[in-house]
Amino acid sequence: MSKNKSEYLINRKDNQYEVVIGLEVHAQVTSESKLFSTSATKFGAEPNTQVSLVDAAFPGMLPVINEFCVKQAIKTGIGLNAKINNRSVFDRKNYFYADLPQGYQISQFKDPIVGEGKVILDMPEGQKEVGIERLHLEQDAGKSIHDLDPQNTFVDLNRSGVALMEIVSKPDLRSPDEVSVYIKKLRSIMRYLGTCDGNMQEGSLRADVNVSVRTKGSKEFGTRCEIKNVNSIKFMQMAIEYEANRQVDLIEEGKSIDQETRLFDTKKNETRSMRSKEDAHDYRYFPDPDLLPLEVSDEFINKLKNDIPELPDDKKKRFIDEFKLSAYEATILVSDIDTAKYFEEVVAKMGKNRDMKLAVNWITGELFAVLNNKNLEISQSPVSAKNLAILVNLIKNGTISGKIAKTVFELMLDGDKDPQKIVEEKGLKQQSDPKAIEALIDKIINDNREKAIEYKQGKEKLFGFFVGQAMKVSGGKANPQLINEILKKKLQ
Amino acid sequence: MSDITKKSLTELVKNIKEKKLSSEEVTKAFIDRSEKSKELNAYITEDYSSALEKAKKFDQKPNLDLKLPGIPMAVKDLFCTKNIRTTAGSKILNNFVPTYESTVTQNIWNEGAILLGKLNCDEFAMGSSNETSFFGNVQNPIDENLVPGGSSGGSASAVAGQLTPITIGTDTGGSIRQPASFTGTVGLKPTYGSCSRYGIVAFASSLDQAGPMAQNVRDCALLQEIISTYDPKDSTSIDFKRNNYSKELTKNIKDKKIGIPKEYRVEGMPKEIEELWQKGIQYAKDCGAEIVDISLPHTSYALPTYYIVAPAEASSNLARYDGVKYGFRAKGENLIDMYEKTRSEGFGAEVQRRIMIGTYVLSSGYYDAYYLKAQKVRKLIKNDFDEAYKKVDAILTPSTPSSAFKIGEKKDDPVSMYLNDIFTVPVNLAGLPGISIPAGHDTRGYPLGLQIIGKAFDEQNILNIAYAMEEKINFKNKITDWWIK
Amino acid sequence: MSIDLKTIKHISKLARISVDEQKAEKLAEDLNSIFKFIEKLNKLKTDNVEPLTSVAETTLKLRSDEVKSKDIREQIIKNSPQDNEDYFVVPKVIE
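Everything quoted here is computed from the prediction, not taken from an experiment.

## Quick word on the overall build of chain C
In step 1: If you tally the helices and strands in chain C, you get three helices and one strand.
In step 2: Starting at the N terminus and ending at the C terminus, chain C contains elements arranged as α-α-α-β.
In step 3: At 22 Å, chain C has a C-alpha radius of gyration far larger than the 12 Å of a compact globule built from 95 residues.
In step 4: Along the longest, intermediate and shortest principal axes, the C-alpha atoms of chain C span 55 × 45 × 25 Å.

Spelled out as structure tokens, the structure:
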């Protein structure tokens, strides 16, 4: 099995196979109330406390669409460089399930609100474009709980009716790693836009994964299987690897692949056929007669376009152009909106005489390490952007050395203390008075006269000894540059 | 006392406003008569004691500025009423008590009316004779063992039998106008989007409309102006300027152009219907209207179209009755078994038949041939009316192809039952307002109705024409109180 | 065209209505007579006709994103056939 980032090849005796992947991502729209009802959408509420008469499909209840959800879908479409459709239609997808109170899901089948678009992935080999087929709005279902009672299933409808965006990609992905980068990129774009919080643990982002395989170089697509409702990137990758290998095995054995819906069993790490769905689903889509066509004017769309913030791709370009960051650094800093915000705040607070390189190193080095250790998001950082900027400036203007800065940073972690104050209180300010350093060095040379003679006779290694002594005596505060200069002069 | 129930709504309102009658007296009179009329089986749920209480309370502090001050009223059991059982005539909702009120009934209570009870109807409004109700047949006050029509059969029977001064029904394919015609009463199906569908048990969402049923046109106009409001809770409710229909009611219809569609002269139509129609044309002329021959070429396709569109929507609208959240649940070994038994035992035969038709026409492979085709023909039918209304202000037709029939007569022949709605269904498909007024009797003395169809949102015009013709027709319903022993 | 028993059974599965042999035969008979009458539509040419889904010649009105319905669990659960204070309860779902 060979593996690199953009390609995932499966080698068998005589054949080499590539995997073809398309994703249907279900992203929960960030909104206060549901798509067609006025109940709340908060995660983690007591069961059935966020359910309206509409959500529970009481007789005579009717859907009324939430304008904000429409705007969120359009904004996401703009973020995906996609065509926004002026007219879209809501259809009913009919099937029975305990957590589907209406007996149908309101979705968009023939005429979605957003059409074709694209997403750019930053792969190590370069940029890759992934096509977006469409984005449509639909209702989420409730939750069936099977393990509270041996005979019964319990149903919680809190999620029933929450707005989802289904984002359908073209079958442009070729490896589990690309899938990971794609999901992260979608997530990043939506978090920049504030249209989906992207929280996979809470189920705000999940995907149906379509997988097929074909011999490398082939133009035809193989028969695909759809792996339903996978809720983490890791599981998506594991499911794809399992499923691709399963399909290759079937082909190698001369068997055919059935187009079917499969489930990923996270415990056994395998996909299996969903038997209950076998009686050939016939969803009987038809336009929902309780709703009229959704029409949005160009003016409405343009107004939203003007509200679109700078998105990751543009921000990255600007970071490279304006701040002279490397592509790698820029990619890291823009990947998450909160990181980008933090960085930009640091930049702003550093003022004119800023050291961009130093700031980037501190954020991606010390700060990331601390966040990682403490398992914190950057939005929960114990050190504010403002104080980090002050710290970087203190290094830059020679008030403290890089080494002392690490000590100061440690102290800042407790209650986001102002580094300036720490330096003052602890007397950590760098010794930069040449006269004082000269006196200090004179004393050291005096105390180590023999070593000074050895140095002058050619034992140049001893220079480090003198620097070390100077640092030691000054408690690490002496300006290392000055020490170097003065030492060189004195030892001539 | 018994005189009270003979009074029209307009008279009752006047009497209460002039303090000649109290709400309690009026309410008691209708309750007494309703109690004596159990044989009609017009009610599914009675709420008499609480009605009396409300009437007494009203009398203590009467607000006489209201349009229906202390007027008792029973409504079709398709309207959800807060804390009062609402069944839609079905076993599957036998024990369902809504915690909410439909917009239309709320509008009525807001004007001071008092609920007497819930009236019988065909199960989920699917029927033309009230014979599909889980709660049994309704008798037509006109004659024993005669159907009152449907689906608003209980409503029509209650108005004709004077168990309620007025009522509201719903009309998906003729369910207000056909029973009105069968019982010698007036029934208006408003323009689609005129009355909110919020809180009304849905049958076919693109066709359903609530509307008033009354003893006369003026009462009908008054109720219409109360129930028709723009409602943001119904996405298909339309925000148009609504008239004060009763206030603006006029008999002056001089020079109004009334169209007579030749396609309504259907094969096998009884002679008495043809004669009634001719009489109607003469009355319209007598009122000063101008008669214009028109063509609605796709009329004969309306019924087949309706029997695709309505069941398709119904099959989906009725999916929510699955035994999970409310209503009847049959025991099942697992979820699917529970669903299938609940729906098989909870729905009656006609409802199951229509769910099957609807499921079939939407199913994969048949959608284009049936559902899509029907939507296209629906467009043609609407175009017919649009064309016609370039030439005329309203259209006059018979309401039904026959007078009321006997209970059981058509029960086992769905197609002949469906043919009852041949003149009313096109109006629903085109979303237009239509009113049925009593215009004569057949040889047995059973009432016959004429239908006046208007332009969209032009309820005032058809009410005016009906009002003018009503005077000329001077119809007298032959009610013998046969059921009161 | 004729609707056979197999089709009736398939449709009844989709509609989640149980049918036994006898009921299926009756339904097949009824549906066939109804569809015979519906087939009339085939006589019409409709190739260039736009389908009409709603007679309401207007577009969807949008509501503001406000939470208005809250804390009505008791109301929501009250009518459910199997008692439980917090959840709707259904017979075990077999995957």
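Next comes the rest of the account.
## So, the overall build of chain B
In step 1: What chain B contains, in helices and strands, is 15 helices and eleven strands.
In step 2: Summarising its shape, the C-alpha atoms of chain B cover approximately 65 × 55 × 45 Å along the three principal directions.
In step 3: Counting across all 485 residues of chain B, residues that qualify as buried make up 66%.
In step 4: Excluding contacts between residues fewer than 6 apart, the proportion of contacts in chain B whose partners are at least 24 apart in sequence is 77%.

## Describing the environment of Lys262 of chain B
Residues and elements named next belong to chain B.
In step 1: In this fold, Lys262 is placed in the loop between strand 7 (257-261) and helix 8 (271-286).
In step 2: Lys262 gets classed as exposed once you count the C-beta atoms within 10 Å, which come to 12.
In step 3: Taking C-alpha positions, Lys262 is 5.9 Å from Ser295, a pair spaced 33 residues apart along the chain.
In step 4: Each residue touching Lys262, except ones within four places of it in the same chain, is listed here: Asp293 and Ser295.

## What about the nonpolar core?
In step 1: Counting 296 residues, the largest nonpolar core has Ala73, Tyr182 and Val209 of chain A together with Met73 and Ala466 of chain B as its most contacted members.
In step 2: Ignoring anything within four residues of it in the chain, the contact list for Ala73 of chain A reads Val29, Ile113, Val114, Leu135, Leu137 and Met165 of chain A.
In step 3: Membership of the second largest hydrophobic core comes to ten residues, among which are Ile444, Phe466, Leu482 and Ile483 of chain A.

## What about the interface of chain A and chain B?
Interface extent is often summarised as the accessible area lost during association of the parts.
In step 1: If you look at the interface, chain A gives 24 residues, while chain B gives 32 residues.
In step 2: Residue classes in the side of chain A that touches chain B are distributed as 15 nonpolar, five polar and four charged.

## Quick word on unusual backbone geometry
In step 1: For the bond from Gly150 of chain B to Ser151 of chain B, the omega torsion is 10 degrees, close enough to zero to count as cis.
In step 2: The topology assignment puts Ser151 of chain B in the loop between strand 3 (114-119) and helix 5 (153-160).
In step 3: Positive phi is not limited to glycine here, since Asn48 of chain A has a value of about 60 degrees.
In step 4: Of note, Asn130 of chain B is a non-glycine position whose phi angle comes to about 65 degrees, a positive value.
In step 5: Considering the arrangement of structural elements, one finds Asn130 of chain B in the loop between strand 3 and helix 5.

## Here we look at the sheet that holds strand 11 (residues 447-454) of chain B
Residue and element names in this part refer to chain B.
In step 1: Pairing is mixed in the open sheet, where eight strands are placed in the order 4-6-5-10-11-9-7-8. At either end of the open sheet lies a strand with only one pairing partner, and these are strand 4 (166-171) and strand 8 (290-294). Between one strand axis and the next, the sheet turns through 30 degrees on average, direction left out of account.
In step 2: Of the pairings in the sheet, the one linking strand 9 (residues 394-398) to strand 11 comprises five bridges and is antiparallel in character. When the bridges of strand 11 are listed, Leu396 appears paired with Ile452.

## Structural notes on the environment of Ala468 of chain B
Residues and elements named next belong to chain B.
In step 1: When you line up the elements, Ala468 lands in helix 15 (residues 459-473).
In step 2: A residue is classified by how many C-beta atoms lie within 10 Å of it, and Ala468, with 24 of them, is buried.
In step 3: Measuring from C-alpha to C-alpha, the distance between Ala468 and Glu274 comes to 21 Å, with 194 residues separating the pair along the chain.
In step 4: With sequence-adjacent residues up to four places away left out, Ala468 is seen in contact with Lys251, Ile253 and Cys287.

## Some points on the interface of chain C and chain B
In step 1: Listed as interface residues are 41 residues of chain C and, on the opposing side, 53 residues of chain B.
In step 2: Ranked by the residues each element gives to the side of chain C that touches chain B, the list is headed by helix 2 (residues 21-38) of chain C, at seven residues.

## Quick word on the sheet that holds strand 1 (residues 88-91) of chain C
In step 1: Taken together, three strands build an open sheet; the order of strands is 9(A)-10(A)-1(C) and the sheet is antiparallel. Edge positions in the sheet fall to strand 9 (143-145) of chain A together with strand 1 of chain C, since each has one partner strand and no second. Recorded for the sheet is a direction-independent mean angle of 30 degrees between the axes of neighbouring strands.

## Some details on the pairing of strand 6 (residues 209-214) of chain B
Residues and elements named next belong to chain B.
In step 1: With six of its six residues buried, strand 6 lies for the most part within the structure.
In step 2: Here strand 4 runs beside strand 6; their pairing, made up of six bridges, is antiparallel. Within the sheet, the bridge partner assigned to Thr170 lies in strand 6 and is Ala210.
In step 3: With two bridges joining them, strand 5 (residues 186-189) and strand 6 adopt antiparallel strand pairing.

Scoring rules and cut-offs
- Residues numbered from 1 in each chain as written.
- Chains lettered and ligands numbered in written order.
- Predicted model: local features only at pLDDT ≥ 70, side-chain atom pairs only at ≥ 80, totals over all residues.
- Helix = DSSP H or I, 4+ residues; strand = E, 2+ residues; numbered from the N terminus.
- Rg over C-alpha atoms; globule rule 2.2 N^0.38 Å.
- Buried ≥ 20, exposed ≤ 12 C-beta atoms within 10 Å, placed from the backbone.
- Contact = placed C-beta atoms within 7 Å.
- Core = buried A, V, L, I, M, F, W, Y, C linked by C-beta atoms within 7 Å.
- Nonpolar A, V, L, I, M, F, W, Y, C, P; charged D, E, K, R; others polar.
- Pairing = 2+ DSSP bridges.
- Axes fitted to C-alpha atoms, helices over the stretch in contact; angles between N-to-C directions.

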